[in-house]
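Inside the fold
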Amino acid sequence: MEKLRKVVNDIAYARDHSKLPALHRSLLPLLSLASSLYGVGLSLRHLLYRFSVFKQHRLPVPVISLGNLTWGGNGKTPMVEYIARCFVDSGISPLILTRGYFGGDEAKMLERHLLDLPVKIGIGANRAASASWFLQKYGYLNPWSVMKSFDQSPFHRERGDEIISEKIGAAILDDGMQHWSLCRDLEIVMLNGLNPWGNSGLVPLGPLREPFTALGRADIAVVHHADLITEQSLKDIELTIREFQNSIPIFYTKMTPKYLFDAKIATSHVRLEALNKANVLCVSAIGSAEAFVKSIKKIGADYIDRLDFSDHHVFQSEDIENIRRRLQHLEYKFNSKPIVVITEKDYDRDPEILNLLDSYKIFVLCSELQLLAYRGTTAEGFKSTMKRALAAKF
């Protein structure tokens, strides 16, 4: 199954199918048919929601949806965390609603990062039901008071507001662009700058979960990994976005490595300099492995090898043996033990299985999303744009 997923991913991001291996080309007719059927199903689903055959649930608090057009690697979860922190900084307790699939790696990462903050996390496929449970338990704030407080720094809040109310002031919908059963007041679409559209086909032939016209529903577009691509690539992405929504605000983000921790001691903090001049094996099962490897190169590793698995892949014992063989090869080649570096999502998916590599040092890279000051956009401008868009809805 893992091999098939990698083949489908190769096809989805190939610009010229004629240059694909014979096995890949043999799957094209089947994938094209499945993609057409998916498109028909998508259109039918749209109509059912449009004519209220399928009902949409409205929450009594502002709902911010973080979504994407393509599968994986778009920075949705780091942006969910960033926005949650924006609300907390404004004295508002947010509720994050996440599906929690594929072992719940994203939910676990959010829980660890936001552990000491007044942020609540609801996990489950039925996000309306999850939201209802939390709202009944903790209560909720009036949307007008939320709008008044949002975008204020802690220094501008009135005395006595330092203790944030347990009442929920906003809901953040993780991976929400295709989750139409819940009404949203702000739609943010995340795009992977390294490869935003693939072959421009709908899944499974291509990586698009919806046609480009879905960009017309978005209130804000964010180009992720903008620091890893050329100026011309950024211009091309912007032109494509503006074909479908000319006036949409566009912002740019990057992932900044902050520190490492030992996979055997999750509470440890290791400086990034531990990778300087080291021989590293990057192991990842994420949507944008290329960005992960590039970040390790920037840190200063001497030599980098890589093993990429499909997004959300759960490591099995045979995968660990494959990793071990690659490490033994590197150890023989350089006459020293290499260091394994994985992402937080890979760690959170199954920390225990990594113990099978007990003779090697395994570091987990912790990174933080940052908004870039580019073309007049800033982090403060992003918050202000969010506030204006939300205020217009209320």
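Everything below is about the structure shown above.
Structural notes, computed from the coordinates. (Residues numbered from 1 in each chain as written. Predicted model: local features only at pLDDT ≥ 70, side-chain atom pairs only at ≥ 80, totals over all residues. Heavy atoms only, no water.)

So, the sheet that holds strand β1 (residues 63-68)
Pairing between the strands of a sheet is mediated by backbone hydrogen bonds and can be parallel or antiparallel. As a reminder, the rule being used: Here the rule is simple: two strands pair whenever DSSP picks up at least two bridges between them. Working definition: helices are DSSP H or I runs of at least four residues, strands are E runs of at least two. Numbering for both runs from the N terminus. With axes taken as lines fitted to C-alpha atoms, and helix axes fitted only over the stretch in contact, angles between N-to-C directions fall between 0 and 180 degrees. Contacts: residue pairs with any heavy atoms within 4.5 Å of one another.
Spatial ordering of the open sheet is given by β3-β2-β4-β1-β5-β6-β7-β11-β10-β8-β9, a layout of 11 strands whose pairing is mixed. Each of the sheet's edge strands pairs with one partner strand only, and the pair in question is β3 (120-123) and β9 (303-308). Neighbour-to-neighbour, the strand axes of this sheet turn through a mean angle of 25°, independent of strand direction. Examined bridge by bridge, strand β10 (residues 339-343) and strand β11 (residues 362-371) share four bridges and lie parallel to one another. Bridging across to β11, V341 finds its partner in F363. Where helix α10 (residues 317-334) meets the sheet, it contacts β8 (279-284), β9 and β10, and its direction lies at approximately 165° from that of β9.

As for the environment of T230
Note the following rule: Definition of a polar contact: a pair of N or O atoms within 3.5 Å, with one able to donate and the other able to accept a hydrogen when the atoms are protein atoms, and with sequence-neighbouring residues admitted only if both atoms are side-chain atoms.
Along the chain, T230 turns up in the loop between β6 (220-224) and α8 (231-244). Residues T230 and G193, spaced 37 residues apart in sequence, show a C-alpha to C-alpha distance of 9.6 Å. Within polar-contact distance, the side chain of T230 engages the side chain of S233 at 3.0 Å.

Here we look at the packing of aromatic side chains
Worth spelling out the cut-off: Two rings from Phe, Tyr or Trp (for Trp, the six-membered ring) form a pair when their centres sit within 6.5 Å of each other. Planes less than 30 degrees apart are called stacked, planes more than 60 degrees apart edge-to-face, and all others tilted. Exposure classes here rest on a 1.4 Å probe applied to the protein chains alone. A residue is buried below 20% of its type maximum, exposed above 50%, and partly exposed in between. For a ring to carry a charge above it, either NZ of a lysine or CZ of an arginine must fall within 6 Å of the ring centroid while also lying within 35 degrees of the normal to the ring plane.
According to the stated counting rule, one finds 13 aromatic pairs in the structure shown. Ring centres of W133 and F134 lie 4.9 Å apart, and the angle between their planes is 80°; this geometry places the pair in the edge-to-face category. Judged by its relative accessible area of 48%, W133 falls in the partly exposed class. Looking at F134, the relative accessible area reads 12%, which means it is buried. Each residue in the set Y49, F54 and W180 is aromatic and connected to the rest through ring pairs, giving one cluster. One Lys or Arg, K120, reaches over the ring of Y138 and ends 4.7 Å from the middle of that ring. Above the face of the Y360 ring, K337 is positioned so that its terminal group lies 4.2 Å from the ring centre.

Observations concerning the nonpolar core
Just so we agree on the cut-off: By convention a nonpolar core is built from buried Ala, Val, Leu, Ile, Met, Phe, Trp, Tyr and Cys residues, the set being connected through side-chain atoms within 4.5 Å.
I64, I83, I188 and F382 are the most contacted members of the largest nonpolar core, which has 34 residues in total. The set of elements that each furnish at least two residues to this core consists of β1, α4 (76-89), α7 (143-149), β4 (168-174), β5 (186-192), β6, β11 and α12 (379-393). Of the residues forming this core, the biggest block, eight residues, is contributed by α4. With residues near it in sequence (within four places) discarded, F382 still touches M79, Y82, I83, I188, I220, V222, F251 and L371. One finds L202, L208, I229 and Y374 within the second-largest nonpolar core, a separate group that totals 23 residues.

Some details on the environment of V146
Tracing the backbone through its elements, the reader meets V146 in helix α7. Take V146: its relative accessible area is 0%, and that puts it in the buried class. Note: C-alpha distance between V146 and C86 (60 residues apart in sequence) is 12 Å. Setting aside residues no more than four positions away along its own chain, V146 makes contact with P62, F87, I92, L141 and G169.

Observations regarding the side chain of H179
Along the chain, H179 falls in the loop between β4 and β5. A polar side-chain atom of H179 sits 3.2 Å from a polar atom in the side chain of S181. Once residues lying within four places of it in the same chain are set aside, the contact partners of H179 are A125, R127, L173 and R184.

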